[in-house]
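Notes for the structure review
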Amino acid sequence: SINALNYLYKTLFCNKIDTQKTEDKKTLDKFVNALNNDINTPKAISILFNTAKKINKTKNNKKTTILINTLKKLGNSIGILKYDPIFFLKINTNNIKNINKIKKLIEKRNIARKMKKWKLADKIRKNLKKFNIFLEDNKKETIFTTKNCN
């Protein structure tokens, strides 16, 4: 279901990792064993969700990185989690019809921020929340997603 994929992609989006490419061998083995056991996909999918749950609870950055790499590898092996989470979460929104309006509001907000009109910028942010749009500002641009990481 789309909600299940959104949960997995939100897990990847909301947990930043470093570039190390280590995976959790124990989880990989469990996953492979489930698929080798008469293609037990329900068991394999439960391993994906248990891994996502561990990621969302873990406070240790190194362990989080290992688990995220594991989740990506497992998902990729069965044909899911191939997209960038930001891209996936943007296109899987009910706001496709409103995408131009959303982009214009973000543009207007960025202008307000440059002009230090903070009240207007905050008002636009609140207006975007009505569309279930959450903003993440960085130095180059404002990125929006339909999922709040809190």
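For the structure, check the block above.
So, here's what we can say about the structure. (Residues numbered from 1 in each chain as written. Predicted model: local features only at pLDDT ≥ 70, side-chain atom pairs only at ≥ 80, totals over all residues. Heavy atoms only, no water.)

Focus on the overall build of the protein chain
Counting secondary structure elements, the protein chain contains 7 helices and 2 strands. Mapped in sequence order, the helices and strands of the protein chain form the string α-α-α-α-α-α-α-β-β. Of all intrachain contacts in the protein chain linking residues separated by at least 6 positions in sequence, the fraction that spans at least 24 positions is 67%. As presented, the protein chain carries roughly 10,100 Å² of accessible surface, and 52% of it is formed by carbon and sulfur atoms. (Helix = DSSP H or I, 4+ residues; strand = E, 2+ residues; numbered from the N terminus. Contact = heavy atoms within 4.5 Å. Areas by Shrake-Rupley, 256 points an atom, 1.4 Å probe, with all protein chains shown as cover.)

Topic: the nonpolar core
Here is a general trend for soluble globular proteins: nonpolar side chains tend to be buried in one another's company. By size, the foremost hydrophobic cluster in this structure holds 19 residues, and its most contacted members are F31, L71, L74 and L81. When contributions to this core are tallied by element, the ones reaching two or more residues are α1 (2-14), α2 (25-36), α3 (41-57), α4 (61-77) and α5 (85-91). Here this core gets 5 residues from one element, more than from any other, and that element is α3. Setting aside its immediate chain neighbours within four residues, L81 contacts L8, Y9, L12, L71, G75 and N76. Counting 9 residues, the second largest nonpolar core, distinct from the first, contains I102, L105, L128 and F144. (Core = buried A, V, L, I, M, F, W, Y, C linked by side-chain atoms within 4.5 Å. Buried < 20%, exposed > 50% of the residue type's maximum accessible area, 1.4 Å probe, protein only.)

Some points on the packing of aromatic side chains
Per the stated rule, a full pass over the model turns up 1 aromatic pair. The interplanar angle of 15° and the centroid separation of 5.8 Å between the aromatic rings of Y7 and F49 together place this pair among those described as stacked. Of the two residues, Y7 sits in helix α1 while F49 sits in helix α3, which places them 42 residues apart along the sequence. With a relative accessible area of 26%, F49 lands in the partly exposed category. (Phe/Tyr/Trp six-rings, centres within 6.5 Å; stacked < 30°, edge-to-face > 60°.)

Some points on the side chain of T27
For T27, the position within the fold is in helix α2. Given a relative accessible area of 5%, T27 falls into the buried group. In terms of polar contacts, T27 uses its side chain to reach the side chain of D24, at 2.4 Å. If sequence neighbours within four positions are ignored, T27 has contacts with I47, T51, T70 and L74. (Polar contact = N/O pair within 3.5 Å; in protein donor to acceptor, adjacent residues only side chain to side chain.)

As for the pattern of salt bridges
Any two side chains of opposite charge can pair, on the condition that their charged atoms come close. Scanning the entire structure with this criterion turns up 5 salt bridges. The residue R113 makes a salt bridge to D137 at a minimum N-O spacing of 3.5 Å. Pair noted here: R113 is in helix α6 (residues 99-114) and D137 is in strand β1 (residues 134-137), with a separation of 24 residues, a long-range link. Taking relative accessible area as the criterion, R113 reaches 28% and is therefore assigned partly exposed. Beyond isolated ion pairs, a larger network of salt bridges with shared partners links R109, R113, R125 and D137. (Salt bridge = Lys/Arg side-chain N within 4 Å of Asp/Glu carboxyl O.)

Details of the side chain of R109
One can find R109 in helix α6. Not counting chain neighbours up to four residues away, the residues in contact with R109 comprise A121, I124, R125, L135, D137 and T142.

Distances and angles like these do not, on their own, reveal function.
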